[in-house]
There are 4 protein chains.
Amino acid sequence: MKKIRIGIAGLGRLGRSHALNLAFKIPNAKLVAACSVVPAELDFAKNELEVEELYDDFAKMCASPNLDAVAIVTPSVYHPEQVECALKAGKHIFCEKPLAVTVDDCKKIEKMAEAYPDLVFALGFMRRFDPSYAYAKKKIEEGAIGKPYMVKATGVDPDADAESLLDSGYVPKSGGIFIDMASHDIDLMRWFLEDDPDSVYSVGTTVKHSRFTEQGDFETAAAIFTFKNGGIGQLHVGRASVHGYHIETEIIGTEGSIRVSPVPAKNLALLYDKTGAVQECVRNFPERFNESYAIELEAFCNAVLEGKKPLVNVYDGTKATQIGYACKESLDSGKLVKIEY
Amino acid sequence: MKKIRIGIAGLGRLGRSHALNLAFKIPNAKLVAACSVVPAELDFAKNELEVEELYDDFAKMCASPNLDAVAIVTPSVYHPEQVECALKAGKHIFCEKPLAVTVDDCKKIEKMAEAYPDLVFALGFMRRFDPSYAYAKKKIEEGAIGKPYMVKATGVDPDADAESLLDSGYVPKSGGIFIDMASHDIDLMRWFLEDDPDSVYSVGTTVKHSRFTEQGDFETAAAIFTFKNGGIGQLHVGRASVHGYHIETEIIGTEGSIRVSPVPAKNLALLYDKTGAVQECVRNFPERFNESYAIELEAFCNAVLEGKKPLVNVYDGTKATQIGYACKESLDSGKLVKIEY
Amino acid sequence: MKKIRIGIAGLGRLGRSHALNLAFKIPNAKLVAACSVVPAELDFAKNELEVEELYDDFAKMCASPNLDAVAIVTPSVYHPEQVECALKAGKHIFCEKPLAVTVDDCKKIEKMAEAYPDLVFALGFMRRFDPSYAYAKKKIEEGAIGKPYMVKATGVDPDADAESLLDSGYVPKSGGIFIDMASHDIDLMRWFLEDDPDSVYSVGTTVKHSRFTEQGDFETAAAIFTFKNGGIGQLHVGRASVHGYHIETEIIGTEGSIRVSPVPAKNLALLYDKTGAVQECVRNFPERFNESYAIELEAFCNAVLEGKKPLVNVYDGTKATQIGYACKESLDSGKLVKIEY
Amino acid sequence: MKKIRIGIAGLGRLGRSHALNLAFKIPNAKLVAACSVVPAELDFAKNELEVEELYDDFAKMCASPNLDAVAIVTPSVYHPEQVECALKAGKHIFCEKPLAVTVDDCKKIEKMAEAYPDLVFALGFMRRFDPSYAYAKKKIEEGAIGKPYMVKATGVDPDADAESLLDSGYVPKSGGIFIDMASHDIDLMRWFLEDDPDSVYSVGTTVKHSRFTEQGDFETAAAIFTFKNGGIGQLHVGRASVHGYHIETEIIGTEGSIRVSPVPAKNLALLYDKTGAVQECVRNFPERFNESYAIELEAFCNAVLEGKKPLVNVYDGTKATQIGYACKESLDSGKLVKIEY
C-alpha cells in the first residue's frame, strides 16, 4: 500500500488529534515529521507517535526530502507564509481552517495555490466528510430531495464550555461570533446550494453570559442569506447549548428535505426513566466529528495518491471568510450587506 | 342526524368516562338513561349529564321504550344476566371487557348473542379503534408489510400506580396478571395475525414490589405463543413502568413491520435540557386511549344505525378469556399449555 | 352543567368545523343559531346540527334573546361591523383570525372591545390551545428552559395543495405570503418570548411553482426579527412541503429548549420497510389542529362562564397584523423595517 | 508507546477485517505475522498489510519469538488445538466466537486457559465493546435503571442476504438458527442481568423463504428464558429483516430501562419526502459493528499490556454455547428445557 509521507506543523489540541490520526488511524498516511515551537509537543510526537523527524522551524521541515506533504495546523495568521514555503518545497498541503485571518491573505494563498496546480491544496472543512453530511450530499445528488433551495443551519457550542471560553481571553481576539463559529455552516450552505450568497442580514444577542457583551461579542447570533440562484439561508450560531454540542443542518429541496442531526445523539441507546424517553447528546466537537477528522485526512492522502482535486479547495476557504466578514459587518452595522467576491 | 338512544349501566371510573363521551362527544348518540346502585353516580348523571331516565335496576332500564341500546360497564360477573336481559328487551349492546369472568359465562353470552342476530353486540377492546392501531391495521391490509407472522406485544402499567394498586385489595381478586392485564394485547395479536394461538408458555417475576408476591401475583410476566398459521407471539406485561404507561405492539410481516408507540409520547413536544433530548411519556391509560373510547362508541352507534357487524364481537371476548386462562395455567404450572377452544 | 348558547356566523370550511364542534363536541356550548347568506349552509345547520334559529342577516341573529355569544367565522373584511353589532347586542364574541384586513380596522375593533369590558372577546389563534404548544408553554412557565430568548418558527403548507391553491384565484387576494400564512407563527413568537418584535427583515423565493411569481407572490419566505427584550425570531413560511403539513416551533431558553413537532407525526405508528424507518406525517391543518379547534371554543365558553380574560385577545390580533404587514413591507422593499405599534 | 506484537490466523471475511484493524487502526498493536492455508490470504497480508512473517502452519507461527499474542479467526472446530498450541508457546490469545463447536470442546479450552492464568484469553463478543452497548452498561452500573431484571433481545439479519445465504450451503451446517445467530444476544442477556438462565422454551417458524424449512432450519425463532435470580429474557432471532440489519436490546430495571437501537439508524440524517420522515437503516453487521471490532482488539491489547482480565472470557464462550444448545433442544423437542452448566 502506497503511503503519503506527511509532516505536521502545530500540535495543539486539534493538531494533536490530526497527528494521532496520521500516526495510527489512516492506512495511506505515514507521519514522518513534526514541527512545533513548543518542546513538549515535539516530545509527544517523538515518544507517543514515534515520529522520526522533529523540527522547530517550518521551513526546515519543508526542506526534508522525506516528505510528500504537510499538514498545517498552526494559527491562521501564519498560513500565508507557511503555504508559500511548503508549495515552493513541492509539498502537497492539508491546511486547517480558517484559511487565513483576512480576505487579502486568503487571496494571496489562492494565487500561490494556483501557481502550483500539480500540488494538492486541501482545506479542513471536515464536516463535508462526516458520514451523515456525506450521506446527505449523496442522497441530494441522487435526486432524493429534488433541487435544494434553502438551508437552515444551526451551530451552538456547549454551554458547559462557555465560562472557560470567557476566562480564556480568546473571545476578544476571535474576530466575533460569525468569524469564530460560522465558517463550517457557511461552507455547508454553499456546498448544498451549489451557489454563493449575495446578501446577508444578521443580528445578535446575549442573554445568559453577560461577559460576552463585556468582551465585545455576542452569545447568540442569527443571519439570513439570499443566494444568487434564488436560494435562502438561515443561520443560527450560539455558545450556550445546554444539552450539548448542537450542529444541525436542514437542506430543503423541491421534492423533500434532509435534516442532519436534529437530535445530536451521543449513540444509539435510548434511556426511559422518570423524565421520559431520554436521548443523551454529544458533548463537544471532538465527540461529534472525531471520525470526520480521520476521513478528511484519508481523503487528502487519496487525492495526493490519485492526483485528484480535493473536495474542499482554497476558494472554499476564501469565500467562507468573505461571507463571515459580511455577517460581521451586518451585525456591527445593523444593516443589510451585499456580499462582493 | 339519526341518533342512537342509549342507557348506560355502571358509572364507575370507566363508566363515567363512557357516559361523558355519550353525553357530549358522540354526535350519533344520545344518552337518555343511566343505571347504578350508587346514588352519587345517578346524581352525577342527572346533574352533570342531564340524563332524563335514572334507574337503580338494570331490568327496569331495559324495559324503557326510549332506548335503542345499552352500554354495560358493570363488573364482568354481572354481564351474563344483564346481556340476557337487554337482548330480550330488544336492545343493542355495547359491553365493556372482559366479556365475563369465566369461559363458561363467555360461552353463555355467545349463545345469547347468537339468538339475537339482528341486535348488535359489540365488545370494548378499544385499542382497535385507536388511530395508531387502526392506521397499522389499514397499512397492513394495504400490503405495507406483506403477510404478518409475528407480534411482539408489551403492556406495562405505570409504576406510579403500583403501590395504590397493592393497597386497593384488587390484586388478589384480579385473576392474576394475565387475566387482569393481557386481554387487549391478546386481542391485538389475534387481530393482526388473523388467527388464534394454539399454545402458550409463560413465566413471571416480581422484583420491585414484593407485595405482588405476598398477594399471590406477579409484577412482570412474559409469554410466548404459537399460532395455528405458523405465527409467533411474544408478550410482556408488567406493573412497574417507571417512565409512564407503556403500550407497544410490533407487527412483523414478510415485507416490513409496524411498531405502535415505541416511545409512548405524551405529545409532539421535545425538550432539550441537561439530560439530553427528552420526550415525556403518557402517564396512564385514560391519557393514552382517551380518544379511542369515544371512537369505539361512535363506531358502535354507526354499526347499529347501519345494521353492520361490530369490529369487536362476542367471540373476540371469549377467545381473549380462553387465551388469558391458558397463560395463567402455564404461569401457575410452569408448563407449556395447549390452547383448546 | 351551565352551557353557553352560541350563534355562529359563517359556515364555510372552517365555520363548518367550528359548528360541528359547538354542536357535538363541547360540553359547555349549545349551538342555537346559525347565520349565512348561503342557503346550503343553513340547510346543513338545520338538518345536520339541529340548529333552531337560522338567519341570513348577522344583525338579526344578534337580536335574538336566546344567544349568549356569537362565533364570527366570516371573511375578515366584515369583522369590524359584525363585532360592533354583536357587542352592542351584548354578546360575547369568539372571532376567527385574522382579526381584520387592515391595521386601522384592527384598531377600530380594539376600541369597540374596550368599550365593552364585561364582554369576552376571544380571537382564534388556536395553536395556543394545541396540547403540544400548551404543554410547551406550561413547561416554560415551570422554568424547564429558563428564560426564553429565541424562537425558530416554521410553517409550510403541503405541496399537495399548492396547485389547487394556485388555481383557486386566492393567492393574489391573500395579502401575500406573510399576511396569508405567518400570523400563527408570529403569535407564537410573541407568546413564547412575552414581547413584541421591533424590527424585521424578510426575503422570499419561488423555485417549484413558478405561478406564485406570476400571481405576484412567493412560494417560500423567511424573516428574522429582533425583539425589544433582546430576543430573536427566525421565521420560515412556505407552500410546498412534500412530506405533509409542517408546523414546527423551537423555543430556546437559557436552560434548554423545546421543539414542537420536528417530525409532524400522523400518529404513534412507525413503519419499517425497504426505505428504512418511516414516520408518516400529517397531511393538512385540519388533521394537525383538529383537537385545538375544539379546545379553543371550550376555553372561550369557560371564559364566558367564569368571567375570565381570554387567552388570545384583541391586541394579539392587531399585533399579528401589524407584524405581518412589516414582514410584507420588508419583503416588498428589500429593506430592514422597524415595527411601530 | 508499547505495542503488542500479534500474529493472526485466518484471513477470511472477518479475519481480514481484524487484520486491517490490527495493521492500521489500533495504536497499541503491531501485526507482525499472518497464518493461512489460502495463499491469496497470505499475499494480501504481505502486500496490503506489510506483514513480515507469513505462515501456512499455526504451530510454526506460535513458535515465532516475535509474537506476544495471536488472534484466532479460524473455524471454531480448530480452536481447541490452536488454543493449546498458542498457550504452550506462551502467547496471549484473542479468539473469535464461537469458542468451540461443542460444549465438550469449550470445557477443554476452559481447562487449558485455566492452566495458563498469566496469559490473557479474550473472546470476541464484540457487541460489549460497541459504544452504545458499553454506554448502556455504564449507565446501568451508575444506577440509571436500578436493578435490571428483564432483557428483550432482537437480532434479525437482512432479508437482502437471505437468498444468498440459502444458496451458500451454509445453513444445514450452521447448527441451527440459535447456534448460528443467538450467541451475541445470549451473551448480552447474561452480561446485563449478571446471571445465567436456568430454563428456556423456544419456537420457530418459516414464512417467507421456504428453503429454510427444506434445509432443516427456521427463518425466525423466539425464546423465553428464566434466570436464576428471577430475571426474564425474551429473544427473537430471524433472517428476513426487510429494513436492514436489526439488532435491538432492551434492558429493563426497577428504575427505568435502556433500549439500544430501536431504530438501527445508518447515520444522523433524516429524510423528509413523500413517504414521511425516513431514517435509513444499517444494512449489515460490518456497517453496524465496524467500530466495535477495532475497540475489542484495542481492549485486548490493553489487557495484555496492563495484565488485566479481559472483558469477555472463556467461560462466557462456554455458557453462550451451552445456552444456545438448550435453545436448540427446546426448538427441536417442543419442550421446556432446564439448562445445566
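Keep in mind the model is a prediction, meaning the values are calculated, not measured. (Residues numbered from 1 in each chain as written. Chains lettered and ligands numbered in written order. Predicted model: local features only at pLDDT ≥ 70, side-chain atom pairs only at ≥ 80, totals over all residues. Heavy atoms only, no water.)

Looking at the interface of chain D and chain A
The interface is formed by 36 residues belonging to chain D together with 36 residues belonging to chain A. Buried area between chain D and chain A, summed over both chains or domains, comes out near 3100 Å², and the portion from carbon and sulfur atoms is 54%. Close ionic contact of K139 of chain D with E280 of chain A constitutes a salt bridge, the shortest N to O distance being 3.8 Å. At the boundary of chain D and chain A, one finds 11 residue pairs in polar contact (both at pLDDT 80 or more). Here the residues of the side of chain D that touches chain A sort into 18 nonpolar, six polar and 12 charged. (Contact = heavy atoms within 4.5 Å. Buried area = accessible area lost by both parts, 1.4 Å probe. Salt bridge = Lys/Arg side-chain N within 4 Å of Asp/Glu carboxyl O. Polar contact = N/O pair within 3.5 Å; in protein donor to acceptor, adjacent residues only side chain to side chain. Nonpolar A, V, L, I, M, F, W, Y, C, P; charged D, E, K, R; others polar.)

So, the interface of chain A and chain B
The partner chain B presents 18 residues to the 18 residues of chain A that form the contact. Carbon and sulfur atoms make up 64% of the surface buried where chain A meets chain B, a total of about 1200 Å² over both sides. The largest contributions to the chain A side of the interface with chain B come from H243, Y272 and A277 of chain A, which together make up 35% of the buried area. Where chain A touches chain B, the interface holds zero salt bridges. Along the contact surface separating chain A from chain B lie four residue pairs in polar contact (both at pLDDT 80 or more). It is strand 14 (residues 276-279) of chain A that provides the largest number of residues to the side of chain A that touches chain B, a total of four residues. Considering only residue class, the side of chain A that touches chain B consists of nine nonpolar, five polar and four charged. Bridge analysis of strand 14 of chain A against strand 14 (residues 276-279) of chain B gives three bridges, and the strand direction is antiparallel. Within strand 14 of chain B, the residue paired with A277 of chain A across the bridge is Q279 of chain B. (Helix = DSSP H or I, 4+ residues; strand = E, 2+ residues; numbered from the N terminus. Pairing = 2+ DSSP bridges.)

Quick notes on the relation of the copies chain D and chain A
Once turned by 180° and shifted 0.0 Å along the axis, chain D lies on chain A with an RMSD of 0.1 Å. Such a combination of turn and shift is consistent with a two-fold rotation axis. Every residue of chain D has its C-alpha some distance from the rotation axis, and the shortest such distance is that of K25 of chain D, at 2.2 Å. Most of the interface of chain D is mirrored in chain A, where 100% of its interface residues again form contacts. (Least-squares fit on C-alpha atoms with pLDDT ≥ 70 in both.)

Remarks on the relation of the copies chain A and chain B
By a simple turn and slide, chain A fits onto chain B: the slide is 0.0 Å along the axis, the RMSD is 0.0 Å, and the turn is 180°. Comparing interface residues between copies, 100% of those in chain A also sit at the interface in chain B, which points to an isologous, same-surface contact.

What to know about helix 4 (residues 79-88) of chain A
Residue and element names in this part refer to chain A. Taken together, the buried positions of helix 4 are occupied by H79, P80, Q82, V83, A86 and L87. In an axial view of helix 4, the angular spread of the buried residues amounts to 170°, which keeps them on one side of the axis. Facing away from the buried side of helix 4, by more than 90 degrees, are the exposed residues E81 and K88. Backbone geometry just after helix 4 places G90 at a positive phi near 80°. (Buried < 20%, exposed > 50% of the residue type's maximum accessible area, 1.4 Å probe, protein only. Arc of directions from axis to C-beta.)

Let's talk about the packing of aromatic side chains
Counted according to the given criterion, the structure contains 23 aromatic pairs over all chains. Seen in terms of ring centroids, Y245 of chain A and F289 of chain A are 6.3 Å apart; in terms of plane orientation they differ by 85°. Their pairing is edge-to-face. Here Y245 of chain A, found in the loop between strand 10 (232-241) and strand 11 (246-253), pairs with F289 of chain A, found in helix 11 (residues 285-306); they are 44 residues apart in sequence, far enough to count as distant. F289 of chain A sits in the buried class, given a relative accessible area of 0%. A ring pair is formed by Y133 of chain D and F192 of chain D, whose centres lie 6.4 Å apart and whose planes are at 40°; its orientation type is tilted. A residue pair is termed long-range when its members are at least 10 positions apart, and Y133 of chain D in helix 6 (residues 131-141) and F192 of chain D in helix 9 (residues 183-193) qualify at 59 residues. Accessibility classification places Y133 of chain D together with F192 of chain D in one group, the buried group. (Phe/Tyr/Trp six-rings, centres within 6.5 Å; stacked < 30°, edge-to-face > 60°.)

Notes on the packing of helix 4 (residues 79-88) of chain B against helix 5 (residues 103-115) of chain B
Residues and elements named next belong to chain B. Running from N to C, helix 4 and helix 5 cross one another at 5°; their axes reach a closest spacing of 9 Å. Considering their axes alone, helix 4 and helix 5 lie roughly parallel with respect to each other. Of helix 5, the residues touching helix 4 (which contributes H79, P80, V83, E84 and L87) are D105, I109, M112 and A113. For the contact of helix 4 with helix 5, the residue count by class is six nonpolar, one polar and two charged. (Axes fitted to C-alpha atoms, helices over the stretch in contact; angles between N-to-C directions. Parallel < 35°, antiparallel > 145°, perpendicular 65-115°, else oblique.)

Observations regarding the domain arrangement of chain A
Residue and element names in this part refer to chain A. Domain annotation of chain A identifies domain 1 (4-119) and domain 2 (128-284 + 320-338). Taking the mean C-alpha position of each, domain 1 and domain 2 sit 28 Å from one another. With both chains or domains summed, domain 1 and domain 2 bury close to 470 Å², and 54% of this area falls on carbon and sulfur atoms. The interface formed by domain 1 and domain 2 includes zero salt bridges. (Domains from an automatic or database assignment.)

Considerations on the sheet that holds strand 1 (residues 4-9) of chain A
All names here are of chain A. With parallel pairing, the six strands of this open sheet are ordered in space as 3-2-1-4-5-6. Of all the strands in the sheet, just strand 3 (53-55) and strand 6 (121-123) have a single pairing partner and so form its edges. Put simply, the sheet's adjacent strands are angled 25° from each other on average, direction ignored. Sheet topology note: the strand 4 (residues 69-72)/strand 5 (residues 92-95) ladder contains four bridges and is parallel. Its bridge partner lying in strand 5, A71 is registered against F94. In this fold helix 11 packs onto strand 1, strand 2 (29-35), strand 4, strand 5 and strand 6, with an angle of close to 160° to the strand it touches most, strand 5.

Section: the environment of V37 of chain C
Residue placement: V37 of chain C occurs in the loop between strand 2 (29-35) and helix 2 (39-47). When the C-alpha atoms of V37 of chain C and D68 of chain C are compared, they prove to be 22 Å apart, with 31 residues separating the residues in sequence.

Comments concerning the side chain of T226 of chain B
Inspection of the secondary structure puts T226 of chain B in strand 9 (residues 220-227). At 2.7 Å, the side chain of T226 of chain B forms a polar contact with the side chain of D198 of chain B. Side-chain polar atoms of T226 of chain B contact the side chain of S199 of chain B, separated by 2.5 Å. The contacts of T226 of chain B, once residues within four sequence positions are left out, are P197, D198, S199 and G231 of chain B together with V203 of chain D.

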